[in-house]
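Listed here are the chains, written in short residue letters.
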Amino acid sequence: MTGKSTAVVGLQWGDEGKGKIVDVLAREHAAVVRYNGGANAGHSVVVNGERYALHLVPSGILFPGVKAVIGNGVVVDPEVLLAEIDNLEVRGVDTSGLVISSRAHVVMPYHKLEDRTREAAADSDGRKIGTTGRGIGPAYADKAQRFGAVRVCDLLDRDRLRRRVSEAARLKAGFLPAGAEELNVDALVDKAAAQGERLRHRVSDTTYLLNEIIDSGGRLLFEGANATLLDVDHGTYPFVTASNATVLGIGPGAGVSPTCIGRVLGVAKAYSTRVGSGPLPTEQNNDIGNRIRERGREYGTTTGRPRRVGWIDLVALRYSVMVNRVSALCVTLLDVLSGLDELKLCVAYRMGERVTDCFIPDGEELGKVEPVYETLPGFSHDITSARSMDELPGPARAYLDRIRSFAGIPIGLVSVGPERSQTISTGVARELESATA
Ligand code: IMP
């Protein structure tokens, strides 16, 4: 387990199947660490045929001996977290390895109300983001504002908690519906303090914990939530989430220097999906899109919303590879594309007379582009039992090869089904590992 740490990050608009990749790698690491986002993320992991949908608990929890760490950059909804812990325990999972940063910020009930209220107001002028409604943006806004923000450590000290919640309630009374139960200070404090008591034994200074693991030769696996094109700084602003979902968020969100990261695995679906508003240049609002949605079960893990579906966007992918300095690609859900006559790959954007192969990280400008496609032949075989590149049909290999050559980096893993075993490893990910050990 010695050597440098690993980061796994989504390269598109989320739901790329990072959970499965983390699952494949978790055992080789001392801890799986979340550094951004909150209960807006949904990681599905299938272990021993059992499906676990995790929102806040890092998937390391499913592996005995691997710690699951919620870093300071995560916004924690104690209600969701406790329900998730209870659910894991009912299913016989040992949750003693779960550690929560004392400095992580807390999503309070009024943040969720604020999220819904803002979205409803934005709907009337076409500025709706289509958030998950989990209070993520408002919780990060309070963190940046430094007034009325509640941190996990505050849940453990009733007086401090009351001061913070009273400040927040005063501030928010101006724009939240009058008399809202979400602003009842006594009820909020009682509930949050009780949640704090249940979490107390799991709370610690995770910055020290993680750096001590590194100092003793252990490796960390950073599990990015949401995805690169939803990053608040590098995504399609304003149609983004409120945190740094790229690997760039690891330093501030976990208190670990980027010099500790030896390899960055970037996860991309073999096509594109997006939930909520914002541009998706290759969107297919047609039979092809519907077919991919049904075959890929493209419905949100967190909200159940049908995902928007499109062809793979190599311009966007190459941008995400650059921003994260990805070492190797993991291409997921390739099996979903089988049965299509042809496969399209977006290789440039057209805006009037102008054609560019550079991504446009701006929600409004990107909405104006028209994709320029290359077309490759499709494949009809069922590929879910392929375990090596040689077992894939020629057109599937050619498709992967075009992704590799456009992105300019090797492919380390290809996922051909939801099970852990339905994975093709090219050996690249392992070579990188020994190179960085
Ligand atoms: P928020 O993170 O709830 O504020 O939502 C902001 C945008 O990010 C919305 O379009 C969400 O649908 C999207 N989003 C946030 N987290 C995820 C994710 O894990 N997968 C896919 N979309 C997400």
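Okay, so let's go over this structure. (Residues numbered from 1 in each chain as written. Predicted model: local features only at pLDDT ≥ 70, side-chain atom pairs only at ≥ 80, totals over all residues. Heavy atoms only, no water.)

Time to look at the overall build of the protein chain. Within the protein chain, the regular secondary structure consists of 13 helices and 20 strands. Taken over C-alpha atoms, the radius of gyration comes to 22 Å for the protein chain, in line with the 22 Å a tight globule of 437 residues would show. Oriented by its inertia axes, the alpha-carbon framework of the protein chain measures out at about 65 × 55 × 40 Å. The buried share of the protein chain, taken over its 437 residues, is 58%. (Helix = DSSP H or I, 4+ residues; strand = E, 2+ residues; numbered from the N terminus. Rg over C-alpha atoms; globule rule 2.2 N^0.38 Å. Buried < 20%, exposed > 50% of the residue type's maximum accessible area, 1.4 Å probe, protein only.)

This part takes up the pattern of salt bridges. Counting across every chain of the model gives 26 salt bridges. Residue Asp 15 pairs with Arg 307 through a salt bridge whose shortest N-O separation is 3.3 Å. One end of the pair, Asp 15, is in the loop between strand E1 (5-10) and helix H1 (18-26); the other, Arg 307, is in the loop between helix H9 (287-295) and strand E13 (308-310), and 292 residues separate them in sequence. In this structure Asp 15 comes out as partly exposed when scored by relative accessible area, which is 23%. One salt bridge in this structure joins Arg 116 and Glu 182, with 3.7 Å as the shortest N-O distance. Here the residue Arg 116 occupies a position in helix H3 (residues 109-123), and Glu 182 occupies one in the loop between helix H5 (158-172) and helix H6 (185-199), the gap between them amounting to 66 residues. Each of the salt bridges in this network shares a partner with another, and the network as a whole consists of Asp 15, Lys 269, Glu 298 and Arg 307. (Salt bridge = Lys/Arg side-chain N within 4 Å of Asp/Glu carboxyl O.)

Nonpolar side chains tend toward joint burial in soluble globular proteins. The biggest cluster of nonpolar side chains holds 58 residues, and the ones touching the most others in it are Ile 61, Leu 62 and Leu 81. Residue contributions to this core peak at six residues, all from H6. Once residues within four sequence positions are removed from consideration, Leu 81 is found in contact with Leu 56, Val 57, Ile 70, Val 76, Leu 98, Ile 100 and Leu 199. With 56 residues, the next largest nonpolar core counts Ala 268, Tyr 271, Ile 312 and Leu 334 among its residues. (Core = buried A, V, L, I, M, F, W, Y, C linked by side-chain atoms within 4.5 Å. Contact = heavy atoms within 4.5 Å.)

This next bit is on H5. When the terminal C-alpha atoms of H5 are compared, their 21 Å separation across 15 residues agrees well with the 21 Å that a helix rising 1.5 Å per residue should span. Taken as a whole, H5 has its buried residues at Leu 161, Val 165, Glu 167, Ala 168, Ala 169 and Lys 172. (Expected span 1.5 Å × (residues − 1).)

Direction of pairing for strand E3 (residues 43-47) relative to strand E4 (residues 50-54): antiparallel, over a ladder of five bridges. What sits directly across from Val 47, in E4, is Glu 50. Counting the residues that bridge the hairpin from E3 to E4 gives two residues, and of these Asn 48 lies at a positive phi of roughly 50°. (Pairing = 2+ DSSP bridges.)

The omega torsion across Tyr 237 and Pro 238 is 5°, close enough to zero to call that bond cis. Structurally, the position occupied by Pro 238 is in the loop between strand E10 (220-223) and helix H8 (250-254). Positive phi outside glycine occurs at Asp 15, with the angle close to 65°. Of note in the backbone geometry, Arg 325 takes a positive phi value of approximately 50° without being a glycine. On the secondary structure map, Arg 325 appears in the loop between helix H10 (314-324) and strand E15 (328-332). The exposure class of Arg 325 is exposed, given its relative accessible area of 67%.

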